Amino acid sequence: MKLASALVAVAALAGLGAGQQDGSCTATAYRQEIRSLTPAQWSMTSAVVTQMNKDGWFQWFANIHQHYFRLFHKCEYFFPVHRRLIRDFEQTGLRYDPKFALPYWDTVRDYANPAASTVLSNAYIGANGAGTGQCVVGGLQASWSLGYPSPHCLGRQYNNGNTIKPIYSPEFIQSILTRSTNMTSLRSGIEMSLHGAVHIALGAEMMQMFSPNDFAFWLHHANLDRIWLVWQLMNPQQNFWSANGFDADGRPINLSSPLPFYNSPIGD
């Protein structure tokens with residue numbers, strides 16, 4: 001059964017805005033699959049994130065992700081802390097344009113041949129790197145100088161030469177969502193499959209702890225956040241206000257546990 005047809009809740013995501021922390025809707029963002037953006041929307045998105053990089057924000061987020069990498073991964077902070085991180089990125093973008101919203105890349109649509117995806121073309125985020133530095137020479141970040149951990153170009157190195165090995169299918173992801181009865185099982189199922197597969201597929205920058213330098217990171221994690229929300233909506237009473245498992249040091253967590261770096265409760 002295809003993920004898109006099996007999970008009717010996906011269709012509702014376009015109408016789920018993320019308001020400001022005070023509950024108002026003055027900074028609502030509607031996330032769309034990147035290929036559904038109009039040319040004007042993609043132009044605006046490109047302009048916003050390009051200026052964010054010039055102003056040091058990609059450096060800022062890459063630094064946070066590297067510094068707290070161990071605390072963000074392989075534990076039950078994975079979903080909530082990345083949700084907070086991508087929302088912070090999105091709210092930063094909203095300072096540049098009130099219409100900004102972080103798109104997502106539904107990678108399972110391209111699972112059989114990811115390298116052929118239009119997302120990995122010059123029309124969007126560019127393709128494989130080239131030359132000794134594996135620099136991406138087309139797309140959104142082709143001319144960028146990334147500032148962290150030192151000035152460099154955006155690098156990509158596909159995991160199969162000029163192609164990418166197939167990643168996880170819609171049926172596989174659907175099976176994880178169906179079988180997961182708590183956040184622990186969902187997190188391990190998704191983090192150790194689709195999450196890691198996309199990072200490995202693109203290689204280079206995406207294989208580093210400072211992977212937020214690549215805009216693909218944000219598209220990928222916005223999609224993982226969407227998948228988590230789909231799971232939450234499958235059984236809202238059980239799944240939505242659910243936090244269990246352990247942190248990176250083996251301590252049990254719950255909704256009151258403070259997120260690493262942010263020090264605000266998961267329940268927020």
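Going along each chain's sequence as written, the residues are numbered from 1 onward. Reporting of local features is limited, given that this is a predicted model, to residues whose pLDDT is at least 70; pairs of side-chain atoms are given and counted only at 80 or more, and all residues count toward the totals for whole chains, interfaces and linings. The side-chain numbers reported here are obtained from all heavy atoms of the structure, hydrogens and water having been left aside.

Caption draft 1: Representation of the nonpolar core. Among the nonpolar cores identified, the biggest contains 66 residues, and Val49, Phe89, Ile125, Phe215 and Trp218 are the most heavily contacted of them. The element best represented in this core is helix 8 (residues 215-234), accounting for 11 residues. If near-sequence neighbours (up to four positions away) are discounted, Ile125 is found in contact with Trp42, Val119, Leu120, Val136, Gly138, Gly139, Leu140, Arg156, Phe215, Ala216 and Leu219. Buried residues of nine kinds, namely Ala, Val, Leu, Ile, Met, Phe, Trp, Tyr and Cys, make up a nonpolar core once their side-chain atoms join them within 4.5 Å. Only protein chains enter the calculation, and the probe is 1.4 Å; a residue is then buried if its accessible area is under 20% of its type maximum, exposed if over 50%, and partly exposed in between. The helix count covers DSSP runs of H or I at least four residues long, the strand count covers runs of E at least two residues long, and both are numbered beginning at the N terminus. By the convention used here, residues are in contact when the closest approach between their heavy atoms is within 4.5 Å.

Caption draft 2: Broad picture of the layout of surface pockets. In this structure, the second largest pocket spans a volume of roughly 280 Å³. Around the second largest pocket sit 18 residues that line it, and Phe69, His73, His195, Gly196 and His199 are the ones nearest its centre. Elements with a contribution of two residues or more to the lining of the second largest pocket: helix 7 (183-202) and helix 8. Among the elements that take part in the lining of the second largest pocket, helix 7 stands out by supplying 6 residues, more than any other. Three categories are distinguished: nonpolar for Ala, Val, Leu, Ile, Met, Phe, Trp, Tyr, Cys and Pro, charged for Asp, Glu, Lys and Arg, and polar for the others, with Gly belonging to the last. Grouping the amino acids of the lining of the second largest pocket by side-chain chemistry returns 7 nonpolar, 9 polar and 2 charged. For each structure, a 1 Å grid was placed over the protein atoms alone; sets of points admitting a 1.4 Å probe that cannot get out are labelled cavities, open sets with protein on both sides within 12 Å along at least five of seven lines are labelled pockets, and lining residues have an atom within 4 Å of a point. Grid points are joined across faces, edges and corners, and a volume is the space filled by probe spheres set on the points.

Caption draft 3: Molecular detail of the confidence of the model for the protein. The predictor attaches a confidence to each residue, and that confidence, scored 0 to 100, is pLDDT. A residue-level look at the protein finds 90% of positions with pLDDT of 70 or above and a mean pLDDT of 91. Taken together, the stretch residues 1-22 has pLDDT below 50 and engages in 43 contacts with residues farther than four places along the chain or on a different chain.

Caption draft 4: Molecular detail of the environment of Phe217. Along the chain, the position of Phe217 falls in helix 8. Note on Phe217: relative accessible area 0%, which makes it buried. Sequence separation between Phe217 and His195 is 22 residues, and the spatial gap between their C-alpha atoms is 10.0 Å. Leaving out residues up to four positions away in the same chain, Phe217 has contacts with His65, His82, Leu85, His199, Met206, Ser211 and Pro212.

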